[in-house]
Amino acid sequence: MNPRGKVRIIAGEYRGRRIPVAQKADLRPTPDRVRETLFNWLGQQLDGMSCLDLFAGSGALGFEAASRGAARVVMVESDAALCRSLEKFRDLVGAKRVQVLRGDALEYLVRTREHFDVVFLDPPFRQNALPAVFRHLTGTSGMRVYVESSEAFVPGAPWEEVKRARAGQVSYQLFEWRSDDQGGLPRNV
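Here's a quick rundown of the structure. (Residues numbered from 1 in each chain as written. Predicted model: local features only at pLDDT ≥ 70, side-chain atom pairs only at ≥ 80, totals over all residues. Heavy atoms only, no water.)

The next point concerns the layout of surface pockets. Here the largest pocket is characterised by a volume of approximately 470 Å³. The wall of the largest pocket is formed by 30 residues, among which Phe55, Gly57, Glu77, Ser78 and Pro124 lie closest to the centre. Residues belonging to the lining of the largest pocket are distributed by class as follows: 14 nonpolar, 7 polar and 9 charged. (1 Å grid on protein atoms, 1.4 Å probe; cavity = no way out; pocket = protein on both sides within 12 Å on 5 of 7 lines; lining within 4 Å. Points joined across faces, edges and corners; volume = space filled by probe spheres on them. Nonpolar A, V, L, I, M, F, W, Y, C, P; charged D, E, K, R; others polar.)

Okay, here's the thing in structure tokens:
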């Protein structure tokens, strides 16, 4: 554990619960202030939504989503020790809507047929994983993707940036899939 050791859930059913944070070089839990801004952008409650926390790490984003009413949260993490920690916390708070999967994020995207309303992307900065993730990410109308990285990211059409902010060394953005209007016509028609 790092000296601070924990990150708290801000709101919802698990409000105030503290998630243990392992001391790992690439592990940067999303700070409270950034998570608060993100969930303001998303509308506070995620009632009935399906969420994917693709590089789960500490699980701060996924557990916050579950706490705020998400119907389903899938956490994908490649590190076995972090997966055990996520499962232990999930069981401790009784977050039955949270599924923890150990595996590679890109392999998961290639295999899954599931569609998500919200996707959280906070990969280790040194991996430069975002271009490959967006190539494999299948969007649906209204799907939103949160991105945390060292610099602002531009995934290109049909993703449209909705919000952007910066906190210290971290750029964070919210994108929405906007390929077609309700009539099924391309946006530029």
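Next comes the rest of the description.
With that settled, the discussion passes to the environment of leucine 137. Position of leucine 137 among the secondary structure elements: in the loop between helix H5 (130-136) and strand E7 (144-149). In this structure leucine 137 comes out as buried when scored by relative accessible area, which is 7%. Look past the residues within four positions of leucine 137 in its chain and what remains in contact with it is Leu109, Val119, Met143, Val145 and Trp159. (Helix = DSSP H or I, 4+ residues; strand = E, 2+ residues; numbered from the N terminus. Buried < 20%, exposed > 50% of the residue type's maximum accessible area, 1.4 Å probe, protein only. Contact = heavy atoms within 4.5 Å.)

It is worth spelling out the pairing of strand E3 (residues 50-53) at this point. Of the two faces of E3, the one holding Ser50 and Leu52 and the one holding Cys51 and Asp53 are both buried throughout. Alignment of E3 against strand E4 (residues 72-77), held across 4 bridges, turns out to be parallel. Bridge pairing in E4 places serine 50 opposite arginine 72. Taken together, E3, helix H2 (residues 60-67) and E4 constitute a β-α-β crossover, and its handedness is right-handed. (Pairing = 2+ DSSP bridges. Right-handed = clockwise from strand over helix to strand, strands pointing away.)

Now for the nonpolar core. Ranked by size, the top nonpolar core spans 36 residues in total, and within it Leu38, Phe63 and Phe120 carry the most contacts. Among the secondary structure elements, those contributing two or more residues to this core are helix H1 (32-42), H2, E4, helix H3 (80-93), strand E5 (98-102), strand E6 (118-121) and strand E9 (170-177). With residues near it in sequence (within four places) discarded, phenylalanine 120 still touches Leu38, Phe39, Leu42, Cys51, Leu52, Asp53, Leu54, Phe55, Leu61, Ala65 and Tyr146. (Core = buried A, V, L, I, M, F, W, Y, C linked by side-chain atoms within 4.5 Å.)

With that settled, consider the environment of arginine 84. In this fold, arginine 84 is placed in helix H3. By relative accessible area, which is 53% here, arginine 84 ends up exposed. Sequence separation between arginine 84 and valine 100 is 16 residues; the distance between their C-alpha atoms is 8.9 Å.

By themselves, these are just geometric observations and shouldn't be taken as functional.
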